[in-house]
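Examination of the molecular architecture
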Amino acid sequence: MGQKIAVMGAMPEEIEPIIAKLENLKVTEYAANKYYEGSYRGKSLVVAYSKIGKVFATLTATLMIERFGCKQLLFSGVAGAISDQLKVGDLIIADGLCQHDLDITAFGHPYGYVPEGEVCIPTDKKLRELAKRVAKEKGLILKEGIIATGDQFVANAERKAWIGETFNADALEMEGAAVAVVCSALNVPFFILRAISDAADMDAGFDFDTFLESSAKTSADFILSMVEEMGK
Ligand code: SAH
């Protein structure tokens, strides 16, 4: 059935539409979480939600690779928009990911940088190209840009503008860059997809609650279409 593909989200809503499609489902409890192994259209998947934030995302991404043997990782979820070109429900793939809350600027370093790290970690080009092909076939619009990650739910126009300017970012969320650090260190090709749930402004909390489920489903459906096309 080929190499195992990790499909990861942060919250249950983000992976439920994918788990619902798995055949031969096997659930393993490990490290205070559940890992769902199964097949979809002839591909072996390991699916899990990490819980919110960079630390949980790091743990889950690492385990999917090191314990469950995944050779590629696809992340599906929702994000706050920075770019005013992005509206609720729009899909964005990350070219690269940075940590907007990583700050040792007191030592003269740029925001998001620590020694031996990178401000912006690029995602796998082949997976991005596959996503663009799938979008084209389905007649869907897929934006591409920098996604900024931090351990904060941003619901503040000033903070959002600062993140946009400092990192040239188009969207923000709380897990992507953690997954990027893990996958790049372990040489595992990875892909981060997000559907917009809010605009990271003063209405973000309300919008998030309203649109989480629908945007999470939009993202998950796209990931399933990609999985179908993988390895073809
Ligand atoms: N309502 C949830 C908390 C959601 S935190 C609860 O009470 O349990 C927001 C989640 O969606 C994170 O996983 C993050 O990756 C993403 N996200 C969506 N909009 C965001 C925003 N404006 N700021 C930060 N993360 C956002």
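Residues numbered from 1 in each chain as written. Predicted model: local features only at pLDDT ≥ 70, side-chain atom pairs only at ≥ 80, totals over all residues. Heavy atoms only, no water.

**So, the overall build of the chain**
Check the secondary structure of the chain and you find 6 helices and 10 strands. Taking 232 residues into account, the globule formula puts the C-alpha radius of gyration at 17 Å, and the chain, at 17 Å, falls close to it. Principal-axis analysis of the C-alpha atoms gives the chain an extent of 50 × 35 × 30 Å. Looking at the chain as a whole, 51% of its 232 residues are labelled buried. Of all intrachain contacts in the chain linking residues separated by at least 6 positions in sequence, the fraction that spans at least 24 positions is 76%. Taken as a whole, the chain presents about 10700 Å² of accessible surface, with 52% of it coming from carbon and sulfur. (Helix = DSSP H or I, 4+ residues; strand = E, 2+ residues; numbered from the N terminus. Rg over C-alpha atoms; globule rule 2.2 N^0.38 Å. Buried < 20%, exposed > 50% of the residue type's maximum accessible area, 1.4 Å probe, protein only. Contact = heavy atoms within 4.5 Å. Areas by Shrake-Rupley, 256 points an atom, 1.4 Å probe, with all protein chains shown as cover.)

**Overview of the nonpolar core**
Grouped together as the largest cluster of nonpolar side chains are 39 residues, with contacts concentrated most on Met8, Met64, Leu73, Leu97, Val179 and Phe190. With sequence-adjacent residues up to four places away left out, Val179 is seen in contact with Met8, Ala57, Ala61, Leu73, Phe75, Phe190 and Ile192. Counting residues in each nonpolar core, the second largest holds 29 residues, with Ile19, Leu91, Leu142 and Ala220 among its members. (Core = buried A, V, L, I, M, F, W, Y, C linked by side-chain atoms within 4.5 Å.)

**A closer look at the pattern of salt bridges**
By the definition in use, this model includes 11 salt bridges. Residues Lys54 and Asp101 are paired through a salt bridge, measuring 2.7 Å at the closest nitrogen-oxygen approach. A residue pair is termed long-range when its members are at least 10 positions apart, and Lys54 in helix α2 (residues 54–66) and Asp101 in the loop between β6 (91–99) and β7 (121–122) qualify at 47 residues. Across the pair Lys125 and Glu129 runs a salt bridge, and its minimum N-O distance is 3.2 Å. Here Lys125 and its partner Glu129 are both found in helix α3 (residues 125–138), 4 residues apart, which amounts to about one turn of the helix. Here the residues in one salt-bridge network are Asp95, Arg128, Lys132 and Glu144, joined through shared partners. (Salt bridge = Lys/Arg side-chain N within 4 Å of Asp/Glu carboxyl O.)

**Here's the deal with the packing of α3 against helix α6 (residues 204–229)**
Two quantities define a packed helix pair, namely the angle between the axes and the distance from one axis to the other. One way to put it is that α3 packs onto α6 with a least axis distance of 10 Å and a crossing angle of 110 degrees. Classified by the angle their axes make, α3 and α6 are roughly perpendicular. In this structure, α3 uses Leu127, Leu130, Ala131, Val134, Ala135, Glu137 and Lys138 to contact α6, whose residues at the interface are Phe222, Ser225, Met226 and Glu229. (Axes fitted to C-alpha atoms, helices over the stretch in contact; angles between N-to-C directions. Parallel < 35°, antiparallel > 145°, perpendicular 65-115°, else oblique.)

**Some words on the site of the ligand**
Near the ligand there are 18 residues, and of these Val154, Met174, Glu175, Asp198 and Phe208 occur at the shortest range. Within the contact set of the ligand, an oxygen atom lies 2.6 Å away from a side-chain nitrogen or oxygen of Glu175. Expressed as a share of its isolated accessible area of 570 Å², the protein-covered part of the ligand is 78%. Of all elements in the fold, only β5 (72–81), β9 (169–173) and β10 (190–198) reach the threshold of two or more residues within the shell around the ligand. Here the residues of the shell around the ligand sort into 11 nonpolar, 3 polar and 4 charged. (Near = heavy atom within 4 Å. Polar contact = N/O pair within 3.5 Å; in protein donor to acceptor, adjacent residues only side chain to side chain. Nonpolar A, V, L, I, M, F, W, Y, C, P; charged D, E, K, R; others polar.)

**Some thoughts on the side chain of Arg194**
Structurally, Arg194 can be placed in strand β10. Given the relative accessible area of 1%, Arg194 is considered buried.

**A closer look at α2**
Spanning 13 residues, α2 covers 18 Å between terminal C-alpha atoms, matching the ideal 18 Å at 1.5 Å per step. Listed as buried for α2 are Lys54, Ala57, Thr60, Ala61, Leu63, Met64 and Ile65. (Expected span 1.5 Å × (residues − 1).)

**Some thoughts on the environment of Ala135**
Examined against the element boundaries, Ala135 turns out to sit in helix α3. According to the relative accessible area criterion, Ala135 is buried, its value standing at 4%. C-alpha separation for the pair Ala135 and Phe107, spaced 28 residues apart in sequence, amounts to 43 Å. Setting aside its immediate chain neighbours within four residues, Ala135 contacts Leu140, Leu142 and Phe222.

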